[in-house]
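Descriptive analysis of the structure
If you want the building blocks of each chain, they are given just below.
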Amino acid sequence: VYEVHEIVVQKVGHVPVAKGDFNHLPKKVKTFVAHCVQLCQPRGIFICDGSQEEAEEIIHKLLERGTLTRLTKYKNNYLCRTDPADVARVESKTFIVTKNKYDSVPHVREGVTGILGAWMSPEDTKVELDHRFPGCMAGRMMYIIPFSMGPVGSPLSKIGVQVTDSNYVLLCMRTMTRVGPKVWEVLGDGSFVKCVHSLGCPRPVQRRVINHWPCNPEKVMITHFPEERKIKSFGSGYGGNSLLGKKCFALRIASVIARDEGWMAEHMLIMSVTTPEGKEHFLAAAFPSACGKTNLAMLNPSLPGFKIQCVGDDIAWMRFDDKGVLRGINPEAGFFGVAPGTNMKTNPNAMLSFQCNSIFTNVAETADGGYFWEGLEDEIPKGIGIIDWLGNPWHPGCPRKAAHPNSRFTAPASQCPIIHPKWEDPEGVPISAIIFGGRRPVGVPLVFEAKSWAHGVMTGACVKSEATAAAEHQGKNIMHDPMAMRPFMGYNFGHYLQHWLDLEKPTRKMPKIFHVNWFRVDQKGKFLWPGYGENIRVLDWIIRRCEGDSSIAEETPIGYLPKKGTIDLSGLDSINEEELFSLPKHYWLDDTRESKRFLEDQVGIDTPPQIIKLLNEQEEAFSKY
Ligand code: GTP
Ligand code: SPV
Ligand code: MN
C-alpha cells in the first residue's frame, strides 16, 4: 500500500527521481539540487509535496525501521529515541563563514575565547566540508523539502529549500515549517535559502547505528554562509542542528537578512494578553533556551478575567510598518518544546497541543503506550511500568532521569487551544512590549522596566542565565546570553546591538522594554516565585505600564521597579516580597562591572559607545545607591 507506484522516468545525473517532477522545479532549485546530488551521491531523489499521504509513507518507513514507535494511547503520536550521543544543539561545532572574520564575530580581547558565535574562514571550511559531504548520502534517499518560514506568500515570509537524507527530519520539518508545492509557486524565479543537511552516515555504514538513529557525532559541523544565504549541516539529526528552518535559517541567516533589510529576527515568543477590561496587547519575550518561552507563550492565567493567546513560542520576525508600529510574525508552524516540567498544572495548553499528530523525542514511555517525563508523576496510572529514554526499565524514585532533560515534543501550532486567530496573519501583530529574562538565582528582581529604548537594548545585552540542557554545556554555571541570542548570532554582535539602537526613530512607536526573572531563589535554594500561571501577575503590571500608569513604578539604577503593593499578589500566600524585589547594592555594583568587562572582552571596539555610557551611568548610580 505504501509503495511508490510512479514509474521512474527522470534522473539527475545517474540518480533516479523516486517521487515528484524534477523538470518542473524552478530553475535555481534545479541547479541547487543537481549540485547537491553530485556532491552527496544519494541513491534517489524524493521531492516532497507536503501531502498527508506523504506523511503516512514516511511514518510507515520510520516505524518499519524502528526509529519511531507508535504511542498507542493517542492518535497519531510517536516516540523517537535518538542515539544518546545526539541529544542537543552542538554549539562548539557551529560556525559562521564569511570572507571577513569581523563580519561574523566581534573583536574579542586578545587571549579571550569569543562566545558570541564562532567564525571559520571559507578556505578552512572548504577543507572541513570536503572531508564530510562528498558521497555522504550513498545508499540513502535525498529528500527535497520546499518550505516557507512564515505564512506562504506573506510579505514578511522567506522561502528555503532543504535537502536531507533523514526522513525524521522531513517529518519534523513538515510540522515546524510550511511544506508544499505552493512554495514552488510563490518562489518562481526568486532566491531562497539553500539548506543542505546530512546525517553523515553513508551506506555501508562505518559506525554502528544505535537506536536506528544514524548520525556521526565525531564529525558534527553546522556551517552558515550568510553572504550566500546557505547552510550546510553534517552529522546530527537533532532539532536545532538539523531542522534547518529553525535556528540556522530563522535566526542565524535571517538576522543577517534582517540587518540588511532593516528588520529583526529574534529568539522570542509572541503572545497576546487581553485584560479583564477587554484591551488586547501583544508582547514579545526573549529568554535563553529552556528558560520559559513556551510556558509563557501559552500561560494559563491564575488571575480571573485575563485571556492569553499564543502567536509563537520560540522565534519572532518583526519589522516596523509605515505607521511606525512594530509588527511581528511567528515564522514557524509548530512547537519544538521542552518536555520535562510540562504537565496539566504548569502548561495545559501545551499538553492539549500534543494529544495527536505529534512526535516525542527522548522521552520515557509508559506500559499503556503513553509518554512520560519528569513532572508527569501525578498524571500517569499508579504503579504503571515505565521505560526510560534509553530503553531501560525505570520507576519513580529511581536516581536516573526518566526522560532526557532536553527531550522535546514536536506539535503543530494549529493544535494549540489558545492559538491566536491572527497567528498566520500576513501583516503580523502589533508589539507593545519586549521582555528579556533568564535564570537568575540571585540578585535580580522579579520584574523591572528599562528607562528607554537604548537602555532596554543595554538591558538585553546584559542578559545572563544558568546553563541548560538545550546545548552541550555542563553544570549550572551562569553564562552571558545577551538578547538570548548568544548561540544564534549570524553576524558581529556589536553590529547587531547598533542595529537595535538604530531602529529607534522619532516616527516610530518604540515598544517598552522589560526584564523578568522567574527563577530567584531563597537561602535554601527554593524558588521565591511560583511562576507559570502566576506570571500573569507580572504581565498585568507590564501592561499597566504600557497603558501609561505612572503611579505603579519607581525609578532605580536599573530602571523602573514596581512600587510596593502594585503587583497583584491576591490569593498567593507566603510570597517574600522584600526578597523577591530587593536590589542588593553590592551584587549590582559587581554585576554592572562584570557586564562591562564582558562587553569589553567579548565585543571590544564593536560595542556601541552608547551601551558603555549607559553601563557607566548604572555603575555610578549604584555606587551612590
Ligand atoms: P527552548 O525551546 O529551548 O527555547 O526553551 P523555552 O524558553 O521555550 O523554555 P520552556 O518554556 O520550554 O521551559 C523550560 C523549562 O523551564 C521547563 O522545564 C519549564 O518547566 C521551566 N519553566 C518554565 N517557566 C517557568 C516558571 O515560570 N517557573 C519555573 N520555576 N520554571 C519554569
Ligand atoms: C533552543 O535550544 O533554543 C530550542 C531547541 O528551541 S533547538 O531547536 O534544538 O534549538
Ligand atoms: Mn529556543
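About the criteria used
- Residues numbered from 1 in each chain as written.
- Chains lettered and ligands numbered in written order.
- Predicted model: local features only at pLDDT ≥ 70, side-chain atom pairs only at ≥ 80, totals over all residues.
- Heavy atoms only, no water.
- UniProt positions renumbered as here; feature names shortened; annotations may be inferred.
- Donors = N, O, S within 2.8 Å, 3.2 Å for Na, K, Ca; no water.
- Tetrahedral: all angles 85-135°; square planar, octahedral: opposite > 155°, others 65-115°.
- Helix = DSSP H or I, 4+ residues; strand = E, 2+ residues; numbered from the N terminus.
- Buried < 20%, exposed > 50% of the residue type's maximum accessible area, 1.4 Å probe, protein only.
- Near = heavy atom within 4 Å.
- Polar contact = N/O pair within 3.5 Å; in protein donor to acceptor, adjacent residues only side chain to side chain.
- Areas by Shrake-Rupley, 256 points an atom, 1.4 Å probe, with all protein chains shown as cover.
- Nonpolar A, V, L, I, M, F, W, Y, C, P; charged D, E, K, R; others polar.
- Domains from an automatic or database assignment.
- Contact = heavy atoms within 4.5 Å.
- Buried area = accessible area lost by both parts, 1.4 Å probe.
- Phe/Tyr/Trp six-rings, centres within 6.5 Å; stacked < 30°, edge-to-face > 60°.
- Core = buried A, V, L, I, M, F, W, Y, C linked by side-chain atoms within 4.5 Å.

Going by what an unreviewed UniProt entry lists, the protein is known as phosphoenolpyruvate carboxykinase (GTP) and is assigned to Candidula unifasciata. The protein has a UniProt comment under Cofactor (unreviewed entry) that states "Mn(2+)".

Moving on: the coordination of the manganese ion (ligand 3). Octahedral metals with six donors have ideal donor angles of 90 or 180 degrees. Tetrahedral metals with four donors have an ideal donor angle of 109.5 degrees. Here the manganese ion (ligand 3) is held by the protein donor atoms Lys247 (NZ), His267 (NE2) and Asp314 (OD), which lie 2.2 to 2.5 Å from it. One can describe the site at the manganese ion (ligand 3) as irregular: its six donor atoms subtend angles covering 66 to 173 degrees at the metal. Summarised as a motif, the one-chain spacing of the donors to the manganese ion (ligand 3) is K-x19-H-x46-D. Placement of the pair is Lys247 in helix 8 (residues 245-261) and Asp314 in the loop between strand 17 (307-312) and strand 18 (316-320), with a sequence separation of 67 residues. When its relative accessible area of 6% is taken as the criterion, Lys247 is described as buried.

On to the site of ligand 2. For ligand 2, the full set of nearby residues is Arg89, Gly239, Gly240, Lys246, Lys247, His267, Ser289, Asp314, Phe336, Arg408, Ala470 and Phe488. Take His267: an N or O atom from its side chain is 3.3 Å from an oxygen atom of ligand 2. Take Ser289: an N or O atom from its side chain is 2.5 Å from an oxygen atom of ligand 2. Relative to its unbound accessible area of 280 Å², ligand 2 is 98% covered by the protein chains. Those elements that place two or more of their residues in the shell around ligand 2 are helix 7 (239-242) and helix 8. Across the shell around ligand 2, the residue classes tally to three nonpolar, four polar and five charged.

So, about the domain arrangement of the protein. Assigned domains of the protein: these are domain 1 (4-67 + 88-261), domain 2 (265-334 + 420-583) and domain 3 (335-415). Opposite the 14 residues of domain 2 that make contact, domain 3 presents 17 residues. Note on domain 2 versus domain 3: buried area summed over both sides is about 1200 Å², and carbon and sulfur give 62% of it. It is Met298, Gly334 and Ala469 that lose the most area in domain 2 upon contact with domain 3, and together they represent 39% of the buried surface on that side.

To continue, consider the packing of aromatic side chains. Under the counting rule described, the total for this entry stands at 29 aromatic pairs. Between Phe514 and Trp541, the ring centres sit 6.3 Å apart and the planes meet at 80 degrees, which makes this aromatic pair edge-to-face. In this pair, Phe514 sits in strand 31 (residues 512-516) while Trp541 sits in helix 13 (residues 536-546), placing the two residues 27 residues apart along the sequence. The exposure classification of Phe514 matches that of Trp541, with both residues buried. An aromatic cluster is defined as three or more aromatic residues linked by ring pairs; in this entry it consists of Tyr74, Phe354, Phe360, Tyr371, Trp373 and Phe409.

Turning next to the UniProt feature "domain: Phosphoenolpyruvate carboxykinase C-terminal P-loop" (unreviewed entry) in the protein. UniProt's entry tags residues 263-620 with the feature "domain: Phosphoenolpyruvate carboxykinase C-terminal P-loop" (unreviewed entry), counted in the numbering of this structure. As annotated, residues 263-620 has a helix share of 21% and a strand share of 23%, and its two end C-alpha atoms lie 34 Å apart.

This part covers the UniProt feature "domain: Phosphoenolpyruvate carboxykinase GTP-utilising N-terminal" (unreviewed entry) in the protein. In the numbering used here, UniProt assigns the feature "domain: Phosphoenolpyruvate carboxykinase GTP-utilising N-terminal" (unreviewed entry) to residues 32-259. Here residues 32-259 runs as 32% helix and 22% strand, with 26 Å between its end C-alpha atoms.

It is worth spelling out the side chain of Thr468 at this point. Relative to the helices and strands, Thr468 is located in the loop between strand 29 (464-466) and strand 30 (478-480). There is a polar contact of 3.1 Å between the side chain of Thr468 and the backbone oxygen of Ser289. The residues contacting Thr468, other than those within four sequence positions of it, are Ser289, Ala290, Cys291, Arg439 and His473.

Moving on, we get to the nonpolar core. By size, the foremost hydrophobic cluster in this structure holds 162 residues, and its most contacted members are Trp317, Tyr371, Trp373, Ile434, Trp500, Leu539 and Ile542. It is helix 8 that contributes the most residues to this core, nine residues altogether. Counting residues in each nonpolar core, the second largest holds 34 residues, with Cys40, Phe95, Cys136 and Leu187 among its members.

As a further point, take the environment of Gly278. Checked against the element boundaries, Gly278 lands in the loop between strand 15 (269-274) and strand 16 (280-286). In this structure the C-alpha to C-alpha distance between Gly278 and Phe306, which are 28 residues apart in sequence, comes to 8.5 Å.

Once that is clear, we can look at helix 5 (residues 167-176). Counting buried residues in helix 5 gives 10 out of 10 residues, a clear majority hidden from the surface. The set of residues buried in helix 5 consists of Asn167, Tyr168, Val169, Leu170, Leu171, Cys172, Met173, Arg174, Thr175 and Met176. Sitting at the amino-terminal end of helix 5 is Ser166, which places a side-chain oxygen 3.3 Å from the backbone nitrogen of Tyr168.

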